[in-house]
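Residue-level listing of the chains:
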Amino acid sequence: NARDLHEQSRSGSLPCGERIYGQCSDCSQGCAETITYLVKNAAVVVHSPIGCCNNASNYHIQSGIVTKLRGTVPVPVRVICSNISEQETVYGGREKLREAIDEAYRRFHPAAVFVHSSCAAGIVGDDIESVADEKEDELGIPVVPVYCEGFKSKIWATGFDAAFHGILRKIVRPAEKKQPDLVNLFNFEGSDTFRPMLEKLGLRTNYVIPLADVDVIATLSEAACTAHICETLAMYAAKALEQNFGVPEVKSPPPFGLEWTDRWLREVARLTGRENVVEDVIAAEHARVLPDIEKVRAGLKGKKAYIFAGDSYAHSLANAALDIGLEVIGITTLHHDQLTDGKDNALDSLGQLVNERGNIEPFTVCNKQPFQLFKIMKKIRPDILIVRHMNMTVLGSKLGIPTILEGDVNISAGYDGIAKLGRRIEKAIRTRKILETIASHVELPYSEWWLEEEDPFYFERGRA
């Protein structure tokens, strides 16, 4: 359960188990892609076999969707693969890497080039750092190594840290001037939720890093403070900006749910000298949104939710779900960090959730294993399944469970996001009958043995 997980993390007694079978997983290079592929005027060289570059086409589609949410023009995705082969994995692929960087510069004339390492490049020991330095001197632009080999960590979310580490080393520069009304917001590619909220405090929002350009990223050090909507995504970068460039981090749980949004806004106001106006803003926002929130709470009373998402984002969604009157009857996170960067309790979203909302069980840490979630859902049967990743909505539908996708991570944030989340859930619950009809015709891909096995964690118990 949530309390056990938190207490064992704090004491350092949490064991890291192994499973003897896995249905699917992810790679830290994919998280590095999330940060770098949509930097507006940069290019990316993926130093890998061609298969590691297969996701680039998805970002071309995604760019059109996410830029529409922000009211900006689509960002062309500029990606080249060095396409190392068997020969390079034996003899080294530095020459191919040089050629790929030159080709990226010739085609795109970027303001910076990110160089992703890969499992193959890491295993053979290609020195991408020296090639990057050589090309940086030659081309006169930052060439940024990103060490995101998939085997480097059991938690693929470390790809975020790898990308930010390269950006902080090679692109961010010391502040020439400070901008006391500017707030860095480390974010995915979601809706423009925070700009209207922070404008009420007289502040400007600097959305980074997807959909920002290289010049904007270079001036991260000029902001008054740094906030993030997910400690897994950007706490490393926020802590580095605080320690190395003097930009304080907003130490508060992310703004999901009424109380957490109040606390987050007060902390932003404290760091930007807006304490004299923040209480009036909070009072006005409460007066504006509470009638809608109360309607949502009445409509969702007695309904039960299960949440499946990334580490701290799942904690935030649970807090928001509880705020609109749902009973959270279980959580699955894709990974778990035992300690936050900096070990600050104010940034420990799981601790805040447990201490303020009480225990939640069952609580599962599960690196993308749909076969486990299938068994948990069959047993628990929630009224609504809230998921961060698209394929899990399909699983919910196959089981006849109404499911909403939190693909746009900003949509449920802030004051407006609370009621918005509730209204989306109300609509989803009304689809139960048709989903049950669909589920009655679905043939699941699992064997009779697994369908009959009662223990979702059979393969974690060391049995074959």
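Presented here is an overview of the structure given in this document. (Residues numbered from 1 in each chain as written. Predicted model: local features only at pLDDT ≥ 70, side-chain atom pairs only at ≥ 80, totals over all residues. Heavy atoms only, no water.)

The first and last C-alpha atoms of helix H12 (residues 258-272) sit 21 Å apart over 15 residues, in line with the 21 Å expected at 1.5 Å per residue. Burial runs high along H12: 11 of the 15 residues are buried. Remark: Gly273 follows H12 within two positions and exhibits a positive phi of approximately 70°. (Helix = DSSP H or I, 4+ residues; strand = E, 2+ residues; numbered from the N terminus. Expected span 1.5 Å × (residues − 1). Buried < 20%, exposed > 50% of the residue type's maximum accessible area, 1.4 Å probe, protein only.)

All right, on to the packing of H12 against helix H13 (residues 275-300) then. Look at H12 against H13: their axes get within 10 Å of each other, and the N-to-C directions meet at 160°. The orientation of H12 with respect to H13, classified from their angle, is roughly antiparallel. The way H12 lies across H13 gives a crossing that is right-handed. Together, Leu258, Asp262, Leu265, Arg266, Ala269 and Arg270 of H12 and Glu275, Val278, Glu279, Val281, Ile282, His286, Val289, Leu290 and Ile293 of H13 make up the contact between the two elements. (Axes fitted to C-alpha atoms, helices over the stretch in contact; angles between N-to-C directions. Parallel < 35°, antiparallel > 145°, perpendicular 65-115°, else oblique. Left-handed = near helix turned anticlockwise from the far one by under 90°. Contact = heavy atoms within 4.5 Å.)

For the coordinates displayed, the defined rule picks out 33 salt bridges. Its salt-bridge partner being Asp133, residue Lys170 comes within 2.8 Å of it at the nearest N-O pair. Here Lys170 is found in helix H8 (residues 158-170), whereas its partner Asp133 is found in helix H7 (residues 128-139), with 37 residues between them in sequence. A single network of salt bridges, built from pairs that share partners, joins Lys200, Glu285, Arg288 and Asp416. (Salt bridge = Lys/Arg side-chain N within 4 Å of Asp/Glu carboxyl O.)

Before going further, it helps to spend a moment on the pairing of strand E1 (residues 42-46). Burial within E1 is extensive, with 5 of its 5 residues counted as buried. With burial as the criterion, each face of E1 is covered, one bearing Ala42, Val44 and Val46 and the other bearing Ala43 and Val45. Here 3 bridges tie E1 to strand E2 (residues 79-81), and the two strands are oriented parallel to one another. In the sheet register, Val46 faces E2, and the bridge partner there is Cys81. Handedness of the crossover joining E1 and E2 through helix H3 (residues 56-70): right-handed. (Pairing = 2+ DSSP bridges. Right-handed = clockwise from strand over helix to strand, strands pointing away.)

The grouping of Ile61, Ile65 and Leu69 at the surface amounts to a nonpolar patch, some 290 Å² of accessible area in total. With respect to the helices and strands, the residue Ile65 is situated in helix H3. Accessibility expressed as a relative area gives 53% for Ile65, which makes it exposed. (Patch = residues over 30% accessible without salt bridge, like charges linked within 9 Å, V, L, I, M, F, W, Y side chains within 5 Å. Areas by Shrake-Rupley, 256 points an atom, 1.4 Å probe, with all protein chains shown as cover.)

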